[in-house]
Amino acid sequence: MFYVPINIESVYNIGYTDEMNSNNKKFKLKLILGITTISLLGLLVVYVVGNTVVRQILYESAYSEEYITAYVTRSLRIISLSFAGVLLALNILTIILMSLITRNMEEIRVAEERLRVIINASPLACWILDETFEITEVNNEAVRLFGLKDSKDYIEHFANLSPEHQPDGRLSRDRIMELQTKCFVEGSVHFEWMHQTLGSKEEIPCEVHIKLFESSNKKYIICFARDLREIKRTFDMVHQLETAAYTDALTGASNRRYLDKTAAEEINSCMNEKKPLSMLMFDVDFFKKVNDTHGHQVGDEVLKILVSRIRHALKKGTVITRFGGEEFIATLPGSSIAIAIKTAERVRTAVERTPFKIKDLKVPVTISVGVTSLREDNTSLHTLVAEADEALYKAKQTGRNKVAFYEP
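Student: Please explain the pairing of strand 1 (residues 125–129) as it appears in this structure.
Tutor: With five of five residues buried, strand 1 is to be regarded as a mostly interior element. The alternating pattern of strand 1 places Ala 125, Trp 127 and Leu 129 and Cys 126 and Ile 128 on opposite faces, both of which are buried. Across five bridges, strand 1 lies against strand 5 (residues 218–227) in antiparallel orientation. Looking across to strand 5, one finds that Trp 127 is bridged to Cys 223. Bridge analysis of strand 1 against strand 2 (residues 135–138) gives three bridges, and the strand direction is antiparallel. Of the residues in strand 2, the one forming a bridge with Ile 128 is Glu 137. The loop that links strand 1 with its antiparallel partner strand 2 comprises five residues; one of these, Phe 133, has a positive phi angle of about 65°.

What follows is the structure in structure tokens.
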């Protein structure tokens, strides 16, 4: 499992864009102009209405024209100044509020830009979904991973970036809806997902981590996906190198290095579980004669065919080791000496029954087999090999093409 160190709580509004920033500036300008216009119109209305009303009242009270003019002028001046002061205070308050809004929007813009920088700097493919599962953001790595042109192209073709079915046979559409819904409930989900490229439909196995977060009273899912192809290629390469290090290049059997590595483990396991273990050592009879008569290339082919026949005659999964030259060893965990002797005889018969066909040649091949078994006094690989070799020598000395077992 992997987690991405990103402070999602620092994001205030995922939907904030440069276009919104421009619209907010226009709105602020319109608001200030509107309040100023309303203020001037209000002042004009107060002046006209006030002048008319006050003059009417004073005329009806029989005051002189000079008194009325002076009184009206003074009253309207006081009223106008008071109203102007109120409007000025209102404008100042509006400007302060707009400054706070602007600062808040700037913080949102900076937070949004910070998120974009973090997301685009991530080596992982990343995208953000809203509550309706619509994509609101996608980073450059996601666009690059699928060989698309830009984020718009990614959003447009997002539904086609997964095959119809996942490797487990489930519909991708149903599976992803289930996982996204689970994320809204549990807060985060981690899983493996098979993506695909848009054009060539090349499969892209990914490790995906999705996490729920809230912003401006809305819920979002942020998704990170890591391409596993390179990791899988690395594991395959390591496996190939390891296999090559433990495999005989000619026959495909394991080599002595592998025998040393695994046989001790098998011996210890059988001893701890009180199970039997036997060892067979095979040797091609008169192999030098095959090389001298037909050449070393034919001899090499004989060894390849021999390993194939031994594999078919033994229990599936039994490891065959090329011990040296034309000698091979097979360990049989769980097999007693009696079972091992029967197994050795079955292998010997399988080799003898049919000549080895190599191009136009039919080469008769027989083997001798030495058998030994694990006992309390021979609990090491070295001892078992020595005993199997001694039993093999006995089989050769008594006529070849036979099975002999070690007798302590």
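Student: Looking at this structure, I do not really get the sheet that holds strand 4 (residues 203–215). What am I missing?
Tutor: The pairing of strands in a sheet happens through backbone hydrogen bonds and is either parallel or antiparallel. Across the sheet, five strands lie side by side as 2-1-5-4-3; this open sheet has antiparallel pairing. The open sheet has two free edges, formed respectively by strand 2 and strand 3 (188–196), since each of these has just one partner strand. Shown here is a sheet whose adjacent strand axes are inclined to one another by a mean of 25°, direction ignored. Where helix 6 (residues 229–245) meets the sheet, it contacts strand 4 and strand 5, and its direction lies at approximately 135° from that of strand 4.

Student: Teacher, can you tell me more about the packing of aromatic side chains here?
Tutor: Think of a pair of aromatic rings as described by two things: how far the centres are apart, and how the planes are tilted against each other in angle. As enumerated under the stated definition, the model contains eight aromatic pairs in all. Taking the centre distance of 5.7 Å and the plane angle of 65° together, the rings of Tyr 246 and Tyr 258 count as edge-to-face. One end of the pair, Tyr 246, is in the loop between helix 6 and helix 7 (256–272); the other, Tyr 258, is in helix 7, and twelve residues separate them in sequence. Take Tyr 258: its relative accessible area is 25%, and that puts it in the partly exposed class. Counting every residue linked through ring pairs, the aromatic cluster contains Trp 127, Phe 146, Tyr 154 and Phe 158. Taking the ring centre of Phe 323 as reference, the NZ or CZ of Arg 256 above it sits at 4.0 Å. Above the face of the Phe 405 ring, Lys 394 is positioned so that its terminal group lies 5.6 Å from the ring centre.

Rules behind the numbers
- Residues numbered from 1 in each chain as written.
- Predicted model: local features only at pLDDT ≥ 70, side-chain atom pairs only at ≥ 80, totals over all residues.
- Heavy atoms only, no water.
- Buried < 20%, exposed > 50% of the residue type's maximum accessible area, 1.4 Å probe, protein only.
- Helix = DSSP H or I, 4+ residues; strand = E, 2+ residues; numbered from the N terminus.
- Pairing = 2+ DSSP bridges.
- Axes fitted to C-alpha atoms, helices over the stretch in contact; angles between N-to-C directions.
- Contact = heavy atoms within 4.5 Å.
- Phe/Tyr/Trp six-rings, centres within 6.5 Å; stacked < 30°, edge-to-face > 60°.
- Lys NZ or Arg CZ within 6 Å of the ring centre and 35° of its normal.

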